[in-house]
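Structure assessment
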Amino acid sequence: MDERVVVEQVLKGDVSAYKLIVDGYQNLVGHMVFRMVSNRSDREDLCQEVFVKAYENLRTFKFQCKLSTWLSKIAYNTCLNFLQKKKVPLYGEIQEHSLENDEKDLDGQFSESYWSSFSAVDLEAMKKESGSIVQNAIEALPPDYKAIVTLYHVDELSYEEIGEVLSIPAGTVKSHLFRARRLLKIKLLENYTAEELWS
Amino acid sequence: MELSHLSEEMLQACAEGEQPDEPSAEHLKTCAHCRQQLEVSRMLLRSLQAGPDIHLPVDFSWKVVANIEERTESRKAWREWLMYGALGLCCILITLYYTGSNFTFEMFSSWMADVWRAKSSGEWSARDLNTLFGNGYLYLAYVAFLLWIYDFLDQRFVQKGHRHA
């Protein structure tokens, strides 16, 4: 679909044309909302709220950025407001370890013999199953990290685009992404043995 | 020279597909710990790309459109009430004017000055209210009437034109 044409149609009063935008971007908005908000019953309402807000502010969208970036920004801010109202800590009671401790935490979880005991096929199957463990670990990340991780890995936005969504410099996005992944790795290796993680 | 374990930054970069520099590549060949760390990083990246499971109803987009239409209707109704209210106010004030005192430019200036002073101080005394609703009703009538005309033209021509364009 040509976004510009659809947006113009919607602005002329054709509300049903807006359905095309919702269909095209409901996954993008869903990723953000479902990742940032844990409460299942609120998620669908929030997705609706994002699209209604976007519709009401569509006149202000001048194609200076991608529609996906603009929608992500609305989704992020809507989730943030929701979490603030619910008094969910945004930056986390999850204390980040110092780099020194990180290295220690990441040390020596698996032995050489452990790795050599699996064939390449076994390892591939194990990798697939470890997905749900990782998804649970992501749930425990601070909301801002969840947003960055989702926008980068799932929606494949660039650092600059994510920076625009979160209103922070691209460099900060990069360092937050690094910290989020490091934190995830630490949490995984802290809470799971090699067998649990890869089985 | 023996290289210490690869940094987390290097491991993440390698997991994303960047080629390690020569000493790091050599180190990876011989260090099981770093290979294991790299494997965990790769597994992590693959899992991150999977994204959360989204459970939205199949008719989600229709629901959004219905929600928007409902809100638009509700606003339209409210706007109509406002329009009729403004028109009613105009009628009342104009009637009051023609049955009350004659107005002069001095009255207008004095009324504006009083309203401005009250607005600036944020205190509305009984005299100010008397000024506003006494001598000033004519100007309120003008403002309300202009608003009504504007809204009428907007509804009748501008928005109708958009709807049918």
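Residue positions are given per chain, counted from 1 along the sequence in the order it is written. Ligands are numbered from 1 and chains lettered from A, in the order in which they are written. A pLDDT threshold of at least 70 governs which residues receive local features in this predicted model, and a stricter bar of 80 or more applies before side-chain atom pairs are shown or counted, although totals over entire chains, interfaces and linings include all residues.

Observations concerning the overall build of chain B
- Counting its secondary structure elements, chain B contains seven helices and zero strands.
- In this text, helices come from DSSP runs of H or I with a minimum length of four residues, and strands from runs of E with a minimum of two, each type numbered from the N-terminal end. Moving toward the C terminus, one meets the helices and strands of chain B in the order α-α-α-α-α-α-α.
- Counting other C-beta atoms within 10 Å of a residue's C-beta gives its exposure: the residue is buried at 20 or more, exposed at 12 or fewer, and partly exposed in between, where C-beta atoms are placed from the backbone. Within chain B, buried positions represent 16% of all 165 residues.
- Two residues qualify as being in contact provided that their C-beta atoms, derived from the backbone, are within 7 Å of each other. Put simply, of all contacts in chain B between residues at least 6 apart along the chain, 65% involve residues at least 24 apart.

Details of the overall build of chain A
- For chain A, the count of helices and strands is 12 helices and zero strands.
- Reading the helices (α) and strands (β) of chain A from amino to carboxyl end gives α-α-α-α-α-α-α-α-α-α-α-α.
- Taking all 199 residues of chain A together, 36% fall into the buried category.
- Within chain A, counting contacts between residues at least 6 apart in sequence, those at least 24 apart form 72% of the total.

Points about the interface of chain B and chain A
- The partner chain A presents 41 residues to the 32 residues of chain B that form the contact.
- Elements that contribute at least two residues to the side of chain B that touches chain A include exactly α1 (8–15), α3 (32–50), α4 (60–99) and α7 (137–164) of chain B.
- Along the lines of polarity and charge, the residues of the side of chain B that touches chain A split into 15 nonpolar, 11 polar and six charged. In the scheme used here, Gly and all other residues not listed as nonpolar or charged are polar, with Ala, Val, Leu, Ile, Met, Phe, Trp, Tyr, Cys and Pro taken as nonpolar and Asp, Glu, Lys and Arg as charged.

Regarding the packing of helix α9 (residues 143–154) of chain A against helix α10 (residues 159–166) of chain A
All names here are of chain A.
- Throughout, an axis means a line fitted to C-alpha atoms (over the contacting stretch in the case of helices), and angles, computed between N-to-C directions, take values from 0 to 180 degrees. For the pair α9 and α10, the least separation of the axes is 10 Å and the interaxial angle reads 140 degrees. Taken together, α9 and α10 sit at an angle that is classed as oblique. Relative to α10, α9 is oriented so that their crossing is right-handed. The residues of α10 that touch α9, namely those facing A147, I148, L151 and Y152, are I162, V165 and L166.
- In the contact of α9 with α10, the residues fall into seven nonpolar, no polar and no charged. The scheme is simple: roughly parallel for angles under 35 degrees, roughly antiparallel for over 145, roughly perpendicular for 65 to 115, oblique for anything else. A clockwise turn of the near helix away from the far one marks a right-handed crossing, whereas an anticlockwise turn of less than a right angle marks a left-handed crossing.

Some points on the nonpolar core
- In plain words, the nonpolar core is the set of buried Ala, Val, Leu, Ile, Met, Phe, Trp, Tyr and Cys residues that C-beta atoms within 7 Å link up. In terms of nonpolar packing, the biggest core is built from 51 residues, with V29(A), V33(A), V50(A), A75(A) and I148(A) touching the most fellow members.
- The contacts of V50(A), once residues within four sequence positions are left out, are V29(A), V33(A), I74(A), A75(A) and T78(A).

Observations concerning unusual backbone geometry
Residue and element names in this part refer to chain A.
- Its identity as a non-glycine residue notwithstanding, F63 has a phi of 60 degrees, on the positive side.
- Tracing the backbone through its elements, the reader meets F63 in the loop between α3 (40–56) and α4 (67–85).
- On the basis of neighbour count, F63 is assigned to the exposed category, with 10 C-beta atoms found within 10 Å.
- Phi angles above zero are rare outside glycine, and E156 is one such case at about 55 degrees.

Some words on α3(B)
All names here are of chain B.
- Counted at 1.5 Å a residue, the expected span for α3 with its 19 residues is 27 Å, and the 27 Å between its end C-alpha atoms agrees.
- Those residues of α3 that fall on the buried side of the exposure criterion are C34, Q36, Q37, V40, S41, M43, L44, S47 and L48.
- One or two steps after α3, the chain reaches G51, where phi turns positive at roughly 75 degrees. Given a helix with a known number of residues, its expected span is that number minus one, times 1.5 Å.

Considering the confidence of the model for chain A
- Every residue carries a pLDDT, the predictor's confidence in it, which falls somewhere between 0 and 100. In the predicted model, chain A carries a mean pLDDT of 79, and 74% of its residues have values of at least 70.
- Considering only residues more than four positions removed or in separate chains, one finds that residues 92–118 of chain A, a stretch of pLDDT under 50, has 30 contacts.

What about the packing of α9(A) against helix α11 (residues 170–191) of chain A?
Residue and element names in this part refer to chain A.
- Relative to each other, α9 and α11 sit at 100 degrees, their axes nearing to 9 Å. By the criterion of interaxial angle, the relationship of α9 to α11 is roughly perpendicular. Contacts between α9 and α11 involve D144, Y145, I148, V149 and Y152 from the former and V173, H176, L177 and A180 from the latter.
- Residue composition of the contact of α9 with α11, by class: seven nonpolar, one polar and one charged.

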